[in-house]
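# Coordinates in review
Okay, here's what each chain looks like letter by letter:
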Amino acid sequence: MAVLTDDARRRIGEYAALYPAARSALLPALHVAQNELGWLPRDAMEEVAELLGLDWDQVEEVASFYTMYYKDPVGTYVLEVCKTVPCAYLGADDIIDYVSAKLGIQPGETTADGMFTLFRVECLAACHRAPVMQVNHRYYQNLTPERVDALIEAARQLQLQSAGAPGFAIRRTWSESVENAQ
Amino acid sequence: MSKEPILFKHLAVPDINKLGVYVENGGYEGLRKAVTDMKPEDVTKEVSDSGLRGRGGAGFPTGRKWSFIPKGVLPTYLVVNADESEPGAFKDRELMERNPHQLLEGVALSAYAIGCRLAFIYVRGEFLYIQEILDAALAEAYAGGYLGKNIFGSGYDIEIVVHRGAGAYICGEESALLDSLEGYRGFPRLRPPFPAVKGLYGQPTVINNVETLANVPHIVRHGSAWFRSYGTEKSPGTKICSISGPVQKPGNYELEMGTPFRVLLEEKAGGMLPGKTLKAYIPGGASAPMLPNRPEFIDVPITYEDYPAVGSTMGSASFILIPEDVCIIYAQLRISEFFAHESCGKCIPCREGTPWLMKTVRRIERGEGREDDLPLLLDICDNILGRSFCALGDFSTSNIVASIKYFYDEYEEHIRRRACPHISATAAVA
Ligand SMILES: Cc1cc2nc3c(=O)[nH]c(=O)nc-3n(C[C@H](O)[C@H](O)[C@H](O)COP(=O)(O)O)c2cc1C
Ligand code: FES
């Protein structure tokens, strides 16, 4: 059963045409699928496989290798806080504890309302702006508890405003609406 | 820097990311000159003569790498390594974010030199916004006729595709990057054959770092002799140095090669934050051995040749500072966690060794270390070093060995007191 929209299928087709071999479009295709669905259920991987002329296990093998593909459902907003050196001792551990306490979840868990998932991740190439996190793969840097409060509040607001809209649209609007401090 | 910067020269120019502004500032002049006036081999020769070396870490001479591409085997590919996943490194990000056309021009020039008509820029998965910036710049350059078909009426076509990874440090390793770009898991490939002979889709391929290629337009425009007026005999040019940790002004600084680390630390980054003193620093990202705060290590000139002379490596010049109040074992634990997480699992010494290192460091950090844990750590390192499939395994050992060498007492104290002296010190204050 098709789980991707026609638009996603069309974009995957466009990616496939960019490369000398269609299989090269696998990573971009998985990004497209995940942007629509929030994560990569088996149905989506099967559909990507069909579009690129692969078997589903070839797709699964690749999806499971890369940390940015979610193999299990995640919240509408995925908070990924860097915990590597030097962030670790520049406040990252405190920010992780703060988010964890505020949302009542441990790293790896999703809030009961399905809004937020928290992960600890490796260096995000923003060590000079520590502590740092990505929310749905957009940067939020120089974090403080106050900034975290503001981010979470903005996320909740926008979620309410755009209830019913497809996930990616919410994400884009939201991350663009919050000033990204340098 | 006393001389004019090369790569960051235009950072202060407003809107330098826009095609028009880039062109007004001499942009795409090098490309025009090359495709209308120079043979591909002339471009390679100019780059060879400049002494430009790879800025991705290994420092391989760039012109020499290009000259390995066999004649007449088509198509050839150029792949830009913009994976930038080494902890401490954030320079390519700034180069692409602030001056995308400088990279695109460098890509087109280098592609021309090796007869490539389709080039790829592999950005790490987290660089979603960088992909958007590059795609926007590409669209402008195609529309303006600076890239695409028959550029400058020369008959040369060049297309560039921005490809985004999905979170895997190993994909910065050039052969794993190629596998990833072909739509597979990022596993390193056996060499030989080297990518120059059999690379992307089995065709001759050059892989270069972002910063390496960003230098090429300047070399073509101003000549190799001009480039060599910067830096040292063995390390010509400048280096973008990333500095992070508890300093006043962390960030990227372009320095002439040969500038002592002290200048980066004290003048550029403004020294340590009040109340912080330097304990040790890592010059080349998490994979380079740390050096303790001693004058002979602070005065090292930043070059490919000077860091090996003191037992470390410049790598991508990503300087991570560790202050006195941070436990070395804790810092090492985070580094060991990184390598255990990022080991791709293809070869046994690295797949089994990196988690073993991590677990051993973790128990020492928790005050559960055993008396023979230090010889054990060094023994595991011995069994990874030189025995793993790619350099990731080697990288995972460098800071274990260096931290034990320079901070033996700290390890020993953790094991003897069965606690982290740092945690108990803070607890005592609280
Ligand atoms: C585990 C590992 C990770 C690497 N990561 C990167 C990286 O993120 N960026 C990069 O340019 N080179 C990286 N390299 C080095 C590349 O393999 C390769 O040497 C480089 O891209 C060549 O380009 P250059 O000659 O312009 O430096 C890595 C190497 C290893 C072994
Ligand atoms: S260590 Fe956190 S972004 Fe690099």
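In terms of helices and strands, chain B carries 19 helices and 9 strands. Considering only C-alpha atoms, chain B reaches an extent of 75 × 45 × 35 Å along its principal axes. When each of the 430 residues of chain B is scored for burial, the buried share is 61%. Relative to all contacts within chain B whose residues are 6 or more apart in sequence, the contacts with residues 24 or more apart total 71%. For chain B, the exposed area adds up to about 15,700 Å²; of that, 53% sits on carbon and sulfur atoms.

Let's shift gears to the overall build of chain A. The secondary structure content of chain A amounts to 7 helices and 4 strands. Along chain A, helices and strands appear, N-terminal first, in the series α-α-α-α-β-α-β-β-β-α-α. Burial analysis of chain A (182 residues in total) assigns 54% to the buried set. Entry remark: accessible area of chain A is about 7,400 Å², with carbon and sulfur atoms responsible for 49%.

We now examine the confidence of the model for chain A. Residue and element names in this part refer to chain A. Of all residues in chain A, 87% attain a pLDDT of 70 or more, and the chain-wide mean is 89. Element-level pLDDT for chain A is lowest in helix H7 (residues 167-177), with a mean of 41, against a maximum mean of 98 in strand E2 (residues 116-121). Counting contacts from residues 163-182, a segment whose pLDDT is below 50, to residues more than four positions away or on other chains yields 35 contacts.

Attention now moves to the nonpolar core. The biggest cluster of nonpolar side chains holds 109 residues, and the ones touching the most others in it are Phe261(B), Tyr281(B) and Phe319(B). Ignoring anything within four residues of it in the chain, the contact list for Phe261(B) reads Ile243(B), Tyr281(B), Phe297(B), Ile298(B), Val300(B), Ile302(B), Tyr307(B), Phe319(B) and Leu321(B). Cys82(A), Ile151(B), Ala196(B) and Val206(B) belong to the second largest nonpolar core, which has 74 residues in total.

Now for helix H3 (residues 42-52) of chain A. Residues and elements named next belong to chain A. Listing the buried residues of H3 in full gives Ala44, Met45, Glu47, Val48, Ala49 and Leu52. Packed against the buried residues of H3 are helix H1 (6-18), helix H2 (26-37) and helix H4 (56-63). At the exit of H3 stands glycine 53, carrying a positive phi of roughly 70°.

Okay, the interface of chain A and chain B next. Facing 41 residues of chain A, the contacting portion of chain B comprises 58 residues. Interface of chain A and chain B: buried area, both sides summed, is about 4,000 Å²; carbon and sulfur atoms make up 58% of it. By the criterion of area lost to chain B, the three top residues of chain A are Phe65(A), Tyr89(A) and His128(A), representing 17% of everything that side buries. Counting across the interface, chain A meets chain B through 3 salt bridges. Its salt-bridge partner being Arg334(B), residue Asp93(A) comes within 3.0 Å of it at the nearest N-O pair. Here chain A is connected to chain B by 24 residue pairs in polar contact (both at pLDDT 80 or more). Looking at the side of chain A that touches chain B, the elements that each hand over two or more residues are H2, H4 and strand E4 (138-140) of chain A.

On to the pairing of strand E1 (residues 77-82) of chain A, then. Residue and element names in this part refer to chain A. Along E1, 6 of the 6 residues are buried, which leaves the element largely enclosed by surrounding structure. On E1, burial covers both faces: Tyr77, Leu79 and Val81 on one face and Val78, Glu80 and Cys82 on the other are all buried. Across 6 bridges, the pairing between E1 and E2 is parallel. Counterpart to glutamate 80 in the pairing with E2 is phenylalanine 119. Direction of pairing for E1 relative to strand E3 (residues 133-135): antiparallel, over a ladder of 3 bridges. What sits directly across from glutamate 80, in E3, is glutamine 134.

Let's shift gears to unusual backbone geometry. The omega torsion of the bond from Ala130(A) to Pro131(A) falls at -10°, within 30 degrees of zero and hence cis. Tracing the chain through its elements places Pro131(A) in the loop between E2 and E3. Across the junction of Leu74(B) and Pro75(B), the peptide omega takes the value -5°, indicating a cis bond. Topologically, Pro75(B) is positioned in the loop between helix H4 (62-67) and strand E1 (76-82). We note that Phe152(B) has phi near 50°; this positive angle belongs to a residue other than glycine. Within the element layout of this structure, Phe152(B) appears in the loop between helix H7 (128-143) and strand E3 (159-164). By relative accessible area, Phe152(B) is classed as partly exposed at 21%.

What follows deals with the pattern of salt bridges. Summed over the entire model, instances satisfying the criterion amount to 36 salt bridges over all chains. With its nearest N and O atoms 2.6 Å apart, the salt bridge here joins Lys83(A) to Glu337(B). Linking Lys83(A) in the loop between E1 and helix H5 (92-103) with Glu337(B) in helix H14 (residues 328-342), this pair reaches from one chain into another. Both residues of the pair, Lys83(A) and Glu337(B), belong to the buried class. Between Glu4(B) and Lys9(B) there is a salt bridge, and its shortest N-O distance comes to 3.7 Å. The structure contains a network of salt bridges with shared partners spanning Lys83(A), Asp93(A), Glu122(A), Arg334(B), Glu337(B) and Arg362(B).

The next subject is the sheet that holds strand E5 (residues 238-244) of chain B. Residues and elements named next belong to chain B. Strand order in the open sheet formed by 5 strands is E6-E5-E9-E7-E8, with mixed pairing between adjacent strands. The open sheet has two free edges, formed respectively by strand E6 (251-256) and strand E8 (291-292), since each of these has just one partner strand. Pairing of strand E7 (residues 278-282) with E8, which is carried by 2 bridges, proceeds in the antiparallel orientation. If you follow tyrosine 281 over to E8, its bridge partner there is leucine 291.

Procedures and definitions
Residues numbered from 1 in each chain as written. Chains lettered and ligands numbered in written order. Predicted model: local features only at pLDDT ≥ 70, side-chain atom pairs only at ≥ 80, totals over all residues. Heavy atoms only, no water. Helix = DSSP H or I, 4+ residues; strand = E, 2+ residues; numbered from the N terminus. Buried < 20%, exposed > 50% of the residue type's maximum accessible area, 1.4 Å probe, protein only. Contact = heavy atoms within 4.5 Å. Areas by Shrake-Rupley, 256 points an atom, 1.4 Å probe, with all protein chains shown as cover. pLDDT = per-residue confidence, 0-100. Core = buried A, V, L, I, M, F, W, Y, C linked by side-chain atoms within 4.5 Å. Buried area = accessible area lost by both parts, 1.4 Å probe. Salt bridge = Lys/Arg side-chain N within 4 Å of Asp/Glu carboxyl O. Polar contact = N/O pair within 3.5 Å; in protein donor to acceptor, adjacent residues only side chain to side chain. Pairing = 2+ DSSP bridges.

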